[in-house]
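Descriptive analysis of the structure
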Amino acid sequence: MKTLISGGRLVNEGRTFEGSIVIEDGRIEKIYEGTTAPRGIYQRHIDASGCFVMPGVIDVHVHFREPGLTGKGDIASESRAAAYGGVTSYFEMPNTSPQTTTLEALQEKWLLAAKNSSVNYTFFFGATNKNATLFPKLDKERVPGIKLFMGASTGNMLVDRLELLENIFQTAPLPVMTHCEDTAMINRNMVLAKERYGEDPDIVHHAEIRSEEACYQSTALAVSLAQKYGTQLHVAHLTTARELQLFGNDDHITAEAVIAHLTFTDADYHTLGTKIKCNPSVKTAADRDALRKALTDGRIFLVATDHAPHRREDKEGGCAKAASGMPMIQFSLPAMLDLVDEGILSVERVVDLMCHHPAQRFSVRDRGFLREGYWADIAIVQPDNRWTLVEEDIQSKCGWSPMTGRSFHWKVKSTLCNGHPLWHEGVFDTNYRGRQLLFR
């Protein structure tokens, strides 16, 4: 089927210009500049007048909960939420049940996604204290990288012995994505907090327990190891101004910010409570503002979500009992585009951070750009279209979001995945399935 997108303003590789896109067999056949649409016979015509046309978002950091934790979310529900938000590809994390720390568990996820994912997909392989011997067996064309929990995690996925970390950094054949928090420091902080505030300290103390120092010490260790061994390192979800000092000098070491830490501050614990409890913790307004500034100077290379749905009952309690994580993938692009209206970013920079740079960092094949011959993963967004999020709009299985009640000024009108209008003018195609991402 041949499709024409016309009438919109294309945003790609640092430019915004009026133009049209012709799609055939799922790929971009031709890009035309100018206001005149190309003549031809098209089976589908999408009028993007008044809208910006950009590559679909590639979210390199999500938790879709399948297998084993599907009461919180699953590949079907969370990939639908992605499509509603202009996200056409995702990289899913390994801390499911079973954890994605064996080749068999990885294969099971490929099969689940092929059956259930509405958008394009891939999965990180999880490092443990004992599975580095499997790294050479990973298919570099199918696996984006190795996820390493250098901070508090569950099960056997915490790696905090220096000799084991050195071995992973020295031998990893793929990029290493790290979660950096100093576990021993966090544990000490929790003991002190319980002595002062009781067995389940109020959520306002979360950033004291998962502190700036705990983040900095772990991130500094990861960066030093990557510098020592030349490892391709990507540090997930930076939260502090101090950590930013470690980035911007080495091309093989990159940092990520996620929507929660670009949006909320510790003052929001008083109103949103555990809805914004996540690891690492939401910190001060000064930290948030430093992260926002780093979006434009190269220290933050890309933006993701750390999308992590939980059931409402899982979020009850305080620092010790409430689960950490929040569903964000459906609202990440509108939230970032609102920073354009605030003068913090340009629309071209949003596309860099959410589309181009994720594709470049992990060498995604034929995606992340509006280029002839590339897969037609496209988001069409409309500015000056104010809407307020209500729970009925939430597509994640958990049914809640800390963004409920927030007004956005940009709306995702259409999401095309491999040239297919998956979410278009209020209609979602439940029958379409995305493709497995390939690399290098």
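Since this is a predicted model, take the numbers as computed values, not measurements.

1. Focus: the sheet that holds strand β12 (residues 233-235)
Backbone-to-backbone hydrogen bonds pair the strands of a sheet. The strands run either parallel or antiparallel. A sheet is described by the order of its strands in space; here six strands give the open sequence β9-β10-β11-β12-β13-β14, paired in parallel fashion. The two strands at the open ends of the sheet, each matched to only one other strand, are β9 (125-126) and β14 (302-304). Strand direction decides the pairing type here: strand β13 (residues 253-258) and β14, joined by three bridges, are parallel. Bridge pairing in β14 places E256 opposite L302.

2. Digging into the pairing of strand β19 (residues 420-424)
The pairing of strand β18 (residues 411-417) with β19 spans four bridges and is antiparallel. Within β19, the position partnered with T415 by the bridge is W423. Taking the residues between adjacent antiparallel strands as the criterion, β18 and β19 are bridged by two residues, where N418 takes a positive phi near 55 degrees. In the sheet, β19 pairs with strand β20 (residues 427-428) via two bridges, with the strands oriented antiparallel. Residue pairing across strands places H424 opposite V427, the latter belonging to β20. Hairpin connection, β19 to β20: the antiparallel pair is bridged by two residues, and E425 has positive phi, about 50 degrees.

3. Section: the packing of aromatic side chains
Taken as a whole and assessed by the stated rule, the structure comprises 14 aromatic pairs. Arranged with centres 5.5 Å apart and planes meeting at 45 degrees, the rings of F52 and W410 form a pair that is tilted. Taken together, the residues span a long stretch of sequence, with F52 in strand β5 (residues 52-55) and W410 in the loop between β17 (407-408) and β18 at a distance of 358 residues. For the pair shown, F52 and W410 are each scored as buried. In this structure an aromatic cluster arises from ring pairing among F91, F124, F362 and F439.

4. Brief notes about the confidence of the model for the chain
Of all residues in the chain, 99% attain a pLDDT of 70 or more, and the chain-wide mean is 97. For the chain, per-element mean pLDDT is lowest for helix α3 (residues 162-171), which scores 94, and highest for strand β7 (residues 87-92), which scores 99.

5. Things to note about the pattern of salt bridges
Taken as a whole, this structure holds 22 salt bridges when the rule is applied. Between R292 and E342 there is a salt bridge, with its nearest N and O atoms 3.7 Å apart. Taken together, the positions of R292 in helix α10 (residues 285-297) and E342 in the loop between α11 (332-341) and α12 (347-361) put the pair 50 residues apart, joining distant regions of the chain. Among the ionic contacts, a cluster of salt bridges with common partners joins K72, R311, E313 and D314.

6. Quick notes on the state of the cysteines
Considering all chains together, one arrives at zero disulfides under this definition. There is no disulfide at C278, and the cysteine sulfur nearest it, in C215, is 10 Å away. C278 supplies the cysteine sulfur nearest to C319, a cysteine that is in no disulfide, at a spacing of 12 Å.

Parameters and conventions
Residues numbered from 1 in each chain as written. Predicted model: local features only at pLDDT ≥ 70, side-chain atom pairs only at ≥ 80, totals over all residues. Heavy atoms only, no water. Pairing = 2+ DSSP bridges. Helix = DSSP H or I, 4+ residues; strand = E, 2+ residues; numbered from the N terminus. Phe/Tyr/Trp six-rings, centres within 6.5 Å; stacked < 30°, edge-to-face > 60°. Buried < 20%, exposed > 50% of the residue type's maximum accessible area, 1.4 Å probe, protein only. pLDDT = per-residue confidence, 0-100. Salt bridge = Lys/Arg side-chain N within 4 Å of Asp/Glu carboxyl O. Disulfide = S-S within 2.5 Å.

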